[in-house]
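# Tertiary structure, described
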2 protein chains.
Amino acid sequence: MSGRPVIALLGGGQLGRMFIENALRYDVEIHVLDPDPNAPCSTIADRFVQGSLDDARTVVDFAAHADVVGIEIEHVSVEALITLKEQGKRVIPDPEVLRIIQDKGLQKEFYAHHGIPTSPFVLLNGKADLAAHDDLLPGFLKARTGGYDGKGVMPIADAAHVDEAFNGPCVLEKHVRIAKELAVIVVRAHTGGMASYAPVEMVFDDRLNLVDHLRAPARVDNGTLERATELAMRVADAFGAPGIYAVEMFLTDQGEVLVNETAPRAHNSGHHTIEACASSQFDQLLRCYLTWPIGSPDAARPSGMFNLVGTGGEGIPEVIGMDAILGIPGVHLHLYGKQRTRTGRKMGHVSVVAPDEASVDAALALIKAQCRIRPRLA
Amino acid sequence: MSGRPVIALLGGGQLGRMFIENALRYDVEIHVLDPDPNAPCSTIADRFVQGSLDDARTVVDFAAHADVVGIEIEHVSVEALITLKEQGKRVIPDPEVLRIIQDKGLQKEFYAHHGIPTSPFVLLNGKADLAAHDDLLPGFLKARTGGYDGKGVMPIADAAHVDEAFNGPCVLEKHVRIAKELAVIVVRAHTGGMASYAPVEMVFDDRLNLVDHLRAPARVDNGTLERATELAMRVADAFGAPGIYAVEMFLTDQGEVLVNETAPRAHNSGHHTIEACASSQFDQLLRCYLTWPIGSPDAARPSGMFNLVGTGGEGIPEVIGMDAILGIPGVHLHLYGKQRTRTGRKMGHVSVVAPDEASVDAALALIKAQCRIRPRLA
């Protein structure tokens, strides 16, 4: 690299925006590609290009002058990433990592192959194959590709409901009784050195299948914290390429920890790290891109994060209860600058860092009670 | 205000850049005026205008569509701010506050009038008047207007050196024996509510007359911490308008605390607040602008900040020792994105947040030993 390093980011949503917010304090140049001309990164990228992330030609052209190519979303052209890597660019995640992760079937097989505990599963070509696997019912049927934030996932109670299942290549996963959902973000440097954030506990909104809020560290026994960390490290080690790995896990009611899925990028489960940790997930990602040393993932205090998800339909967003939450010590509001809200859309988040867990809980309860995003009334 | 609030910022240097870095996580629109087309804010402001900050017409036109007008540097047209205030915009600092602060003579008289301890002084029309005030020698002669970062300030040892003094309206201040230099940043809300950060200790580079590094909190006895905080609160209360007041003070070798000068804006002495405090000085400023509640100034851990000042002449900047410092836990590098370095120019800073003061000191020593910015060798 000569001069300021150029990072080409595929995707310009809130993850990209938070990445840029941190990257602004270093002397780097960030280019962003996104199909939405009003994407949250569009006004702050050094260069913003509107275009498809799936189209190999578009992606290769966009990143032609970059030193590093990164992603903000998994649904990008792997073919383009392979070409860019062949051109000598540093591509993070590695195209092979992304190829596996894009396909929930390959991903499950990857865990099984590496002896990483995951829920029982089978790959199916379509729903006709379901009948032969009623030992895995009740379970979840997941489309192998294209799913996101709960889309492409359906519960199957028993063989009687098979007709309702969508068709095409999918994974049937046996339902496990979940005590808690955990996540660990691991940073892997180009040297192979790794660091991990303390495991967090994610509480889902069942209706939207999005994270409602999270607590860091997770409130589980030390043995479970250690197992979750060790498993996440094994996942990153199995992938064996530099980058950030957000490993989502189930803690079963039997006390087992199972890997659910991995995102090879900054992740909703790490938003609290912006304020709670010495080096945030976005800072670590930049360090990976530029082969800088891994930052410290340490947190001095417990923290929590609440997702601000649009409610009440579509329109120009209005934040309700902002003053109430901004008055709470250690509370940080993040709005993603999206011009339209709609029910279920991630519009922002609120994090809280507090001296103790009771204060984190009190703040989270207040945030949930007071704060929401809805369409502005005309 | 309807829609996103528009903040017009006069000055687009590093303070503006760090202000925007924080403001990006809220849904606000930021316009910046600066004479330098390559100013650090030029690429990230929602709207950037190149133009003079001194020219009233330019400033009034620039801020025509803003809801709030703020400053990043004191040398701006007060006349324009008065006009903008009359137009109903929220102007922070208040033009009257800025008028007093721009003139070191008025500023000293303001402290004297409000019974705020400050070093003995007299206002002079020119150096011919010096002879009548040799009771204030040795002292410092300061130009009443136009000084910055040590420019416009000269020490006067005795009457024999009067001929070397620059001429024009100035303040002669008696030299006081300084044990430490302290600073306290006070936030004053539109409601009159106030909060302050813990006093910091600034260690100057005598050669450049810039802050070399700071430690937060200052390492002085509790009585001194309380006096410094109380004095800074009195200064903000005397000004009586919303905004941020960075109050610089001398702790004399007799244990007295004297107010030296005040900046009505974000300030170098508050850079550590970005990582060390729940709400940073830049966040507080935004809250003042938008009449949001004051944030928490609390810090969970001690911290330090080292200014990265250009050395070795002029050119395209190159950071030396970056890897060494990025490897230290809790260290945060900030580069301001300036395209040219020159000796004495503030190019960035490094902050450190650590579990204890000894770790802060160790990190500061390592940063100072390892890290510098110099022109890139051709």
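Just above, that's the structure.
Before going into details, it helps to say that this report is about the structure given with it. (Residues numbered from 1 in each chain as written. Chains lettered and ligands numbered in written order. Predicted model: local features only at pLDDT ≥ 70, side-chain atom pairs only at ≥ 80, totals over all residues. Heavy atoms only, no water.)

## Considering the overall build of chain A
Along chain A, the regular secondary structure elements total 10 helices and 20 strands. Its C-alpha atoms give chain A a radius of gyration of 20 Å, near enough to 21 Å, the size a compact globule of 378 residues would have. Put simply, chain A has 378 residues, and 57% of those count as buried. Taking the intrachain contacts of chain A between residues at least 6 apart in sequence as the baseline, contacts between residues at least 24 apart amount to 63%. Chain A carries 36 positive and 48 negative side-chain charges, and their two centres are separated by 3 Å. (Helix = DSSP H or I, 4+ residues; strand = E, 2+ residues; numbered from the N terminus. Rg over C-alpha atoms; globule rule 2.2 N^0.38 Å. Buried < 20%, exposed > 50% of the residue type's maximum accessible area, 1.4 Å probe, protein only. Contact = heavy atoms within 4.5 Å. Lys, Arg positive; Asp, Glu negative; His and termini not counted. Charge placed at Lys NZ, Arg CZ, Asp CG, Glu CD.)

## Structural notes on the sheet that holds strand β4 (residues 68–71) of chain A
Backbone-to-backbone hydrogen bonds pair the strands of a sheet. The strands run either parallel or antiparallel. All names here are of chain A. Judged by pairing direction, the sheet is parallel, and its five strands sit side by side in the order β3-β2-β1-β4-β5 without closing on themselves. If you trace the sheet from one side to the other, it starts and ends with β3 (47–50) and β5 (90–92), each paired once. Each adjacent strand pair in this sheet contributes to an overall mean axis angle of 20°, direction not counted. Note that strand β1 (residues 6–10) and β4 share four bridges and pair parallel. Bridge pairing in β4 places leucine 10 opposite isoleucine 71. (Pairing = 2+ DSSP bridges. Axes fitted to C-alpha atoms, helices over the stretch in contact; angles between N-to-C directions.)

## What to know about the packing of aromatic side chains
This structure, assessed with the given rule, holds 10 aromatic pairs over all chains. The interplanar angle of 10° and the centroid separation of 4.2 Å between the aromatic rings of phenylalanine 110 of chain B and phenylalanine 239 of chain B together place this pair among those described as stacked. Residue phenylalanine 110 of chain B is located in helix α5 (residues 104–113), and its partner phenylalanine 239 of chain B is located in helix α6 (residues 222–239); the two are separated by 129 residues in the primary sequence. Take phenylalanine 110 of chain B and phenylalanine 239 of chain B: they sit in the same class, and that class is buried. By way of ring pairs, the aromatic residues Phe110, Tyr111, Phe239 and Tyr245 of chain A are connected into one cluster. (Phe/Tyr/Trp six-rings, centres within 6.5 Å; stacked < 30°, edge-to-face > 60°.)

## Here we look at the environment of lysine 108 of chain A
Residue and element names in this part refer to chain A. The topology assignment puts lysine 108 in helix α5 (residues 104–113). Between the C-alpha atom of lysine 108 and that of glutamate 261, which follows or precedes it by 153 residues, the distance is 8.0 Å. With residues up to four places along the chain from it excluded, the contact list for lysine 108 reads Thr118, Ser119, Phe121, Val171 and Glu173.

## Structural notes on the relation of the copies chain A and chain B
Of the transformation superimposing chain A on chain B, the axial component is 0.0 Å and the angular component is 180°, with the fit at an RMSD of 0.0 Å. The symmetry that links the two subunits is that of a two-fold axis. Here 97% of the contact residues of chain A are again contact residues in chain B; the copies associate through an equivalent surface. (Least-squares fit on C-alpha atoms with pLDDT ≥ 70 in both.)

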